[in-house]
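Each chain, written out:
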Amino acid sequence: MTLNEQLKDIKTQLRLSMNGAVSQSMREKGLVYKLNFGVELPRIKDIAARYAKDHALAQALWKEDIRECKILAGLLQPTDTFFPEIADIWVEDIRNIEIAELTSMNLFQHLPYAPAKSFHWIADEREYVQVCGFLTIARLLMKKGDMSTRVENEFLDQAVCAFLSGTYHVRNAAMAALRRFIQHSEAHAFAVCRRVEGMKDSTDEAEQLLYNLVKEEVAF
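Residues numbered from 1 in each chain as written. Predicted model: local features only at pLDDT ≥ 70, side-chain atom pairs only at ≥ 80, totals over all residues. Heavy atoms only, no water.

A.B. asks: Could you give an account of the nonpolar core, with specific residues and numbers?
C.D. replies: Counting residues in hydrophobic clusters, the biggest one holds 74 residues, and the most contacted among them are Leu-61, Phe-82, Phe-108, Phe-134, Phe-155 and Leu-210. Broken down by element, the residue count for this core peaks at 10 residues, all from helix H9 (residues 127–143). Phe-134 has contacts with Ile-122, Phe-155, Gln-158, Ala-159, Ala-162, Ala-173, Ala-174 and Ala-177, leaving out every residue within four places of it along the chain. (Core = buried A, V, L, I, M, F, W, Y, C linked by side-chain atoms within 4.5 Å. Buried < 20%, exposed > 50% of the residue type's maximum accessible area, 1.4 Å probe, protein only. Helix = DSSP H or I, 4+ residues; strand = E, 2+ residues; numbered from the N terminus. Contact = heavy atoms within 4.5 Å.)

As structure tokens, then:
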């Protein structure tokens, strides 16, 4: 099939699988898309499984302002042709937490340059660029938690700062990464505890929340 035929075939399958109730529920929860068929994730993965990973197809799908197409793009994009500058373009185009989470899981964490790129993203001031950076780091920490001392200090500085001053989604993403870091080793847990120990009696709500979350995680 040609690229246009593949896109047409995919959209046909999405329309046949559409679920208005799911789409409405997402809108009510703040997940707003220009077009959302409400197709559930297992079905989207089934559709993706019918196609080989293909750069042109994934890029075309990403350009569609359709929820399911963006999810499929992350599933069908080969990592070897997904250059850093394209990754930046995709991240800048992300507008909600669902696409941030799924693209970080399905694509960003597998990129050969993911460690360096994720640190570049968490230093950005834009909300979902930061979110993707922390979510990707969290995924990387699940696979391999080792960091050099310099990188570890940079991560902790950025994560604590993001938690204290970031938006709701940035805060959650930063905490997800901190949680994975803590779980890796006692040394990591100790390093985080040292960062937050002075917040125990803080009158700042965000500092108190971070202290308590770290305390719960370490105790667990």
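A.B. asks: Outline the side chain of Glu-152, listing residues and values.
C.D. replies: Along the polypeptide, Glu-152 turns up in helix H10 (residues 149–165). Although Glu-152 is buried, it forms no salt bridge, and the closest oppositely charged side chain is Arg-195 at an N-O distance of 6.8 Å. Beyond its immediate chain neighbours, meaning those up to four positions away, Glu-152 contacts Met-147, Phe-181, His-188 and Ala-191. (Lys, Arg positive; Asp, Glu negative; His and termini not counted. Salt bridge = Lys/Arg side-chain N within 4 Å of Asp/Glu carboxyl O.)

A.B. asks: Quick rundown of the packing of aromatic side chains? Include the residues and the values.
C.D. replies: Scanning the model with the defined rule gives 5 aromatic pairs in all. For the ring pair Trp-62 and Trp-90, a centre distance of 4.1 Å and an interplane angle of 5° mean the geometry is stacked. In this pair, Trp-62 is assigned in helix H4 (residues 55–63) and Trp-90 in helix H6 (residues 84–93), connecting sequence segments 28 residues apart. Since its relative accessible area comes to 4%, Trp-62 is described here as buried. Residue Trp-90 is classed as buried on the basis of its relative accessible area, which comes to 1%. Consider the rings of Phe-155 and Phe-181, whose centres lie 5.4 Å apart with planes at 50°: the pair is tilted. (Phe/Tyr/Trp six-rings, centres within 6.5 Å; stacked < 30°, edge-to-face > 60°.)

A.B. asks: Quick rundown of the pattern of salt bridges? Include the residues and the values.
C.D. replies: This structure, assessed with the given rule, holds 11 salt bridges. In this structure, Glu-154 engages Arg-150 in a salt bridge whose closest nitrogen and oxygen atoms are separated by 3.7 Å. Of this pair, Glu-154 and Arg-150 both sit in helix H10, 4 residues apart, roughly one helical turn. Taking the relative accessible area as the measure of exposure, Glu-154 reaches 28% and is therefore partly exposed. On the basis of relative accessible area, Arg-150 is assigned to the exposed category, the value being 62%. Among the charged side chains, a network of salt bridges with common partners joins Arg-67, Glu-68 and Glu-98.

A.B. asks: Describe in detail the confidence of the model for the protein, supporting the description with residues and values.
C.D. replies: The predicted model of the protein has a mean per-residue pLDDT of 94, with 100% of residues at 70 or higher. Taken element by element, the predicted model of the protein shows its lowest mean pLDDT in helix H2 (residues 20–28) (83) and its highest in H4 (98). (pLDDT = per-residue confidence, 0-100.)

A.B. asks: Summarise the packing of helix H11 (residues 168–184) against helix H13 (residues 205–219); cite the residues concerned and give the values.
C.D. replies: For the pair H11 and H13, the least separation of the axes is 10 Å and the interaxial angle reads 30°. Viewed along their axes, H11 and H13 form a crossing whose handedness is right-handed. Contacts between H11 and H13 involve Arg-171, Met-175, Leu-178, Arg-179, Ile-182 and Gln-183 from the former and Ala-206, Leu-209, Leu-210, Leu-213, Val-214, Glu-217 and Val-218 from the latter. Within the contact of H11 with H13, the residues separate by chemical class into 9 nonpolar, 1 polar and 3 charged. (Axes fitted to C-alpha atoms, helices over the stretch in contact; angles between N-to-C directions. Left-handed = near helix turned anticlockwise from the far one by under 90°. Nonpolar A, V, L, I, M, F, W, Y, C, P; charged D, E, K, R; others polar.)

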